[in-house]
Amino acid sequence: MLATIRSATLAGLEAVPVSVEVDVGPGLPTFTIVGLPDAAVQEARERVRAAIRNSGYEMPPRRIVVNLAPADRRKEGPALDLPIALGVLVATGQLPARTVDGYLALGELALDGALRPVPGVLSVAETARRTRARGLLAPAASAGEAAVVEEVRVYALDSLRAVVDHLIGVRPVPPAPPPVCATGRQASSLDLADVRGQPVACRALEVAAAGGLNLLLVGPPGVGKTMLARRLPTILPPLTRDEAVDVTRIYSVAGRLPAGAGLVWERPFRAPHHTASASALAGGGVIPRPGEVTLAHHGVLFLDELPEFRHDALEVLREPLEEGLITVARVHSVVRFPARFMLVAAMNPCPCGFRGDPQRSCRCTPAQVQRYLARISGPLLDRIDLHVEVPRPPTDAVLAGGPGEGSAAVRARVVAARARARDRHRYAGDGATADSGPVAPEALVFVRRCADRLVLGARATRRLLRVARAIADLEGVEAVQVAHVAEAVRYRVFDRYAPTPT
Amino acid sequence: MTATWLPPYDRPLAGSALDAEIEAYVGLTLLPRIGPRTIKAWVQAAGRAWSVWRHLPHLVRRRRDAAAIVAAWRAARPADLVALARRRRQDLVVPGHPAYPPRLWHVPDPPPVLFVRGVLAVGPAVAVVGARRASPYGLQAAARLARDLAAAGITVVSGLARGIDGAAHGGALEGGGRTIAVLGAGVDVVYPPEHAHLAEAIAARGALVSEFPPGTVPQPGHFPRRNRVISGLSLAVVVVEGTEDSGALVTVDCALAQGRDVFAVPGSIFSPVSRAPLALLRDGAKMATSADDILQELQLPLASSAGATLRGSGGAPGSSPAERVLAVLAAGPATVDVLVAATGLSPADAAAAITALELQGVVEVHPGQVVAVRGGGMHG
């Protein structure tokens, strides 16, 4: 007898429908899975066999063939355990075929029949909506994220037995409620007020947050570059619901969502180590999985010790920095992942780290410093809007100084600034002038003076104006003024790190 | 002029007598195990270097290594080296040459030959030396002292190294005065390479000097020898910054052996590069906070800008952000963070004010966000 159960498998962030066809026929007892299964799917045979037996059903000693259609697409992971088990039960007449009609099912089975969470359930729920499924049978621990898709009835079930009981109406389960829109989301334990004695760096962080600009922090080891970067998400505007769904989908597919979580409401902060490979940043695998740039989508990607990163790994960043997404090409598929993040990078001012430090003397020759700075490729540096030096604060400023401004106050200004920028873009259309908006004539004269005096190229000048624009937005001023440009100049130290002719 | 202008010479040489003397001195420097002290003693005894050169086998006959020296003497072709130096437009200055500084001849081990690019006219001279890895404060102090010394007609002598040396030469040129760079390599080999432009400027407005023949590359052993020439050319040595093992202290030792005055510029007690000057001050070096401190001690006419000190004039806190920033900077360079704390300005206002001052050329910003008043004073 033949049974067909609907399920889905992941391709990038999307889930594509899969039909699980189970045929139970005469012949020697075997259990075969065809249709490009990977190793985890092959092992489903043993889990399904044990789960069926231990749930009180019968595993017939007959010839069982499972086909996963479409047969040319590679299937991955243990999420197909549940549909295979249901197919076996239907095909052996232990479960009426009409009860499973129209349902999408997925979940990993334990040997005792319990249902375990699997990655990407939110994406599967979206597929269920698209294909107008009757409902989604999902592991209880994964149902919260799936219930975000409100048009789909999601049934949270914790075992094979519970699934069958629900389907035959012995113990029906109500659809899982959509997760509470957590507007009063849990506050992060980090706060900008923790940073003492570094008003300039805090201000640069605020400007970067207001403009959604990329930031490079340059300073000796131990001055708190990482501490500053970690607090950037606390001053960024809260995630909107759509953004939260995007982030949740990514984390779900990557298998990084804590069990039972609904939506992710915190802006991601990703800090890959400088030994990370290009595919760790971009994403990879036979069936591509999101990398660090995608996990940082709508959040912050922090690269500490920037010059220590491998050259090919940094090259990966160019596409996302320009287009907000990344293309991962593999033998079987080409996948595009979203990757719109704020880049925060940190580095020492020289190989030994103490250049410009008042307390320690630097042991690097000018040539060594030049080589170190040159390790960051020009194209990457071009895409970083603010470069700010973070000097070591005097000890008394750290110990005695009162707390600076808290994250909440700064965030309020950032939200207001972003709202102004949005309005301006709406009226200006998406032209090139929208980048810096209106600029006061005397400010333009000043920009030209700075460009001459500091020898700025055209691209650096454009970046300078972008930073000035963000400052003007923070102040709530329509046109960029001289003072805004003058402040922005301070956040472009690399424009002047060129060797100084004596 | 006294009878003994530069013993044993009673007057400067010229013409063929000078050429013979130059060739003889060059020849003597080519001999193994014959150092500046020996050469000076021989010349003083014999009266002329050419005479020493001619009778060299006789002079060394009692030495155990006489054979080797005489062999080198026979093989030496001093005329070739002289021709090479002249082809490279270098002057050879030896004792008896009108440009040879008498002050230098009186040290125990004067260099027998100086290769010179530019014009070696020493006059009253002061050496300004210090650390290669100097702080912004030190660079500023060196440039400022050198500028004021040069403006007062003093020749500033230094070693063209990175850091303090470079700042001293630069300051002297800025002050419109003369400066001499003593090198540890041939004068046609500029080290460090980033000072190529500076070297050209010095050659045009002073002199590059070395006792090493053309094409000699810098070697560690050259620098201590170079340092004795720096102090030997000078009336006094000013140490601006340095660690305990700084080369500046070698120059100080030479200066003391040569009977020169030693000055030190006081630095921050927190800075590692203040250790050498502070130790010198403790040991009795004279304090230099301005060019006048030095000029007064040397009993030279004071600088025209009388009383200019390295300390700013203080300045009452003004109302504009720029004035408030300058008032804090009068006490010395500060990071922008410190300026924000000290002026009470917002980071945004402080940043804008600093940029404006920088564009006006009033302040300069160093690595590490350190802001300093240009040239070290409020009036600079």
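Every value quoted in this text rests on a predicted model; they were computed, and no experiment measured them. (Residues numbered from 1 in each chain as written. Chains lettered and ligands numbered in written order. Predicted model: local features only at pLDDT ≥ 70, side-chain atom pairs only at ≥ 80, totals over all residues.)

With that out of the way, let us pick up the overall build of chain B. Scanning chain B from terminus to terminus reveals 17 helices and 12 strands. Taking as baseline every contact in chain B between residues at least 6 positions apart, the subset at least 24 positions apart corresponds to 69%. (Helix = DSSP H or I, 4+ residues; strand = E, 2+ residues; numbered from the N terminus. Contact = placed C-beta atoms within 7 Å.)

Moving on: the overall build of chain A. Across its full length, chain A carries 22 helices and 18 strands. Taken over 502 residues, chain A has a buried fraction of 49%. (Buried ≥ 20, exposed ≤ 12 C-beta atoms within 10 Å, placed from the backbone.)

A few words now on unusual backbone geometry. A cis amide bond links Ala 69 of chain A to the next residue, Pro 70 of chain A, at an omega of 0°. With respect to the secondary-structure elements, Pro 70 of chain A resides in the loop between strand S4 (63-69) and helix H3 (81-91). Of note, the bond from Tyr 191 of chain B into Pro 192 of chain B is cis; its omega dihedral lies within 30 degrees of zero at -5°. You can see Pro 192 of chain B is positioned in the loop between strand S5 (179-182) and helix H10 (196-205). The phi torsion at Leu 36 of chain A lies on the positive side, around 50°, for a residue other than glycine. Of note, Leu 36 of chain A is situated in the loop between strand S3 (30-34) and helix H1 (39-42). Leu 36 of chain A sits in the partly exposed class, given 16 other C-beta atoms within 10 Å. In the Ramachandran plot, Glu 305 of chain A falls in the positive-phi region, its phi being about 55° despite a non-glycine side chain.

Residue and element names in this part refer to chain A. Every second residue of strand S18 (residues 386-389) is oriented toward a common face, with Leu 386 and Val 388 on one face and His 387 and Glu 389 on the other, all of them buried. As judged from the four bridges shared by strand S10 (residues 215-218) and S18, these two strands associate in the parallel manner. For Leu 215, the partnering residue across the bridge sits in S18 and is Leu 386. (Pairing = 2+ DSSP bridges.)

All names here are of chain B. Sheet architecture is open: three strands sit in the order S10-S12-S11, paired in antiparallel fashion. The open sheet terminates on both sides in strands that have one partner only, identified here as strand S10 (334-335) and strand S11 (363-366). Strand direction decides the pairing type here: S11 and strand S12 (residues 370-373), joined by four bridges, are antiparallel. For Glu 364, the partnering residue across the bridge sits in S12 and is Ala 372. Running at roughly 90° to S12, helix H15 (residues 321-329) makes contact with S10, S11 and S12 of the sheet. The strands touched by helix H17 (residues 347-359) are S11 and S12; relative to S11, the strand with the most contacts, the crossing angle is about 115°. (Axes fitted to C-alpha atoms, helices over the stretch in contact; angles between N-to-C directions.)

A common way to report how large an interface is uses the accessible area buried once the components associate. Counting residues at the interface gives 31 residues for chain A, matched by 31 residues for chain B. For the side of chain A that touches chain B, the secondary structure elements donating two or more residues are helix H8 (199-211), helix H20 (441-454) and helix H22 (482-490) of chain A. Residue contributions to the side of chain A that touches chain B peak at five residues, all from H22 of chain A.

What follows covers the packing of H15 of chain B against H17 of chain B. All names here are of chain B. With their axes 9 Å apart at the nearest point, H15 and H17 run at an angle of 80° to one another. Taken as axis vectors, H15 and H17 run roughly perpendicular relative to one another. Residues Pro 321, Ala 322 and Val 325 of H15 pack against Asp 349, Ala 350, Ala 353, Ile 354, Ala 356 and Leu 357 of H17. Here the contact of H15 with H17 is composed, by residue class, of eight nonpolar, no polar and one charged. (Parallel < 35°, antiparallel > 145°, perpendicular 65-115°, else oblique. Nonpolar A, V, L, I, M, F, W, Y, C, P; charged D, E, K, R; others polar.)

Positionally, Gly 170 of chain B belongs in helix H9 (residues 164-174). Expressed as a C-alpha distance, the spacing of Gly 170 of chain B and Ala 142 of chain B, which sit 28 residues apart in the sequence, is 9.2 Å.

Right, let's talk about the confidence of the model for chain B for a bit. Residue and element names in this part refer to chain B. Averaged over all residues, the pLDDT of chain B equals 86, while 93% of them reach at least 70. The model gives residues 304-318 a pLDDT under 50, and that stretch makes 34 contacts with residues more than four places away or in other chains. For the stretch residues 376-380, pLDDT sits under 50, and the model shows 15 contacts to residues farther than four places along the chain or on other chains. On the interface metric, ipTM, the complex scores 0.76, and its pTM is 0.69. (pLDDT = per-residue confidence, 0-100.)

Another point: the nonpolar core. By size, the foremost hydrophobic cluster in this structure holds 179 residues, and its most contacted members are Ala 85, Leu 136, Ala 146 and Val 485 of chain A. It is H8 of chain A that provides the largest number of residues to this core, a total of nine residues. Grouped together as the second largest cluster of nonpolar side chains are 99 residues, Tyr 137, Ala 167, Ala 236 and Leu 295 of chain B included. (Core = buried A, V, L, I, M, F, W, Y, C linked by C-beta atoms within 7 Å.)

Turning our attention to helix H16 (residues 336-343) of chain B. Residue and element names in this part refer to chain B. The buried count for H16 comes to seven of eight residues, which makes it a mostly enclosed element. Those residues of H16 not exposed but buried are Val 336, Asp 337, Val 338, Leu 339, Val 340, Ala 341 and Thr 343. Phi for Gly 344, located one or two positions after H16, is positive at around 75°.

This brings us to the sheet that holds strand S8 (residues 261-264) of chain B. Residue and element names in this part refer to chain B. What the nine strands build is an open sheet, ordered S1-S2-S6-S5-S4-S3-S7-S8-S9; its pairing is mixed. Taken across any chain shown, the strands that pair with only one partner, and hence form the sheet edges, are strand S1 (91-93) and strand S9 (286-287). Bridge count for strand S3 (residues 125-129) against strand S4 (residues 155-158) is three bridges, and the pairing is parallel. For Val 126, the partnering residue across the bridge sits in S4 and is Val 156. The sheet strands contacting helix H13 (residues 275-282) are strand S7 (236-239), S8 and S9, and the helix crosses S8 at an angle near 125°.

All names here are of chain A. Two elements in contact, helix H2 (residues 44-54) and H3, have axes separated by 10 Å at closest approach and are oriented at 55°. Looking at the two axes, H2 sits oblique to H3. H3 is crossed by H2, and the crossing has right-handed handedness. Contacts between H2 and H3 involve Ala 44, Arg 47, Val 48, Ala 51 and Ile 52 from the first element and Asp 81, Ile 84, Ala 85 and Val 88 from the second. The residue makeup of the contact of H2 with H3, split by class, is seven nonpolar, no polar and two charged. (Left-handed = near helix turned anticlockwise from the far one by under 90°.)

Residues and elements named next belong to chain B. Here S5 shows two buried faces, one formed by Thr 179 and Ala 181 and the other by Ile 180 and Val 182. Each parallel crossover has a hand, and the one from S4 via H9 to S5 is right-handed. With respect to chirality, the unit in which S5 leads through H10 into the neighbouring parallel strand S6 (residues 207-210) is right-handed. (Right-handed = clockwise from strand over helix to strand, strands pointing away.)

Residues and elements named next belong to chain A. For Leu 215, the location among the structural elements is in strand S10. Once the C-alpha coordinates of Leu 215 and Val 344 are considered, the two residues, 129 residues apart in sequence, prove to be 4.8 Å apart. Here Leu 215 is in contact with Ala 204, Ala 208, Val 344, Ile 384, Leu 386 and Val 388, once residues within four sequence places are set aside.

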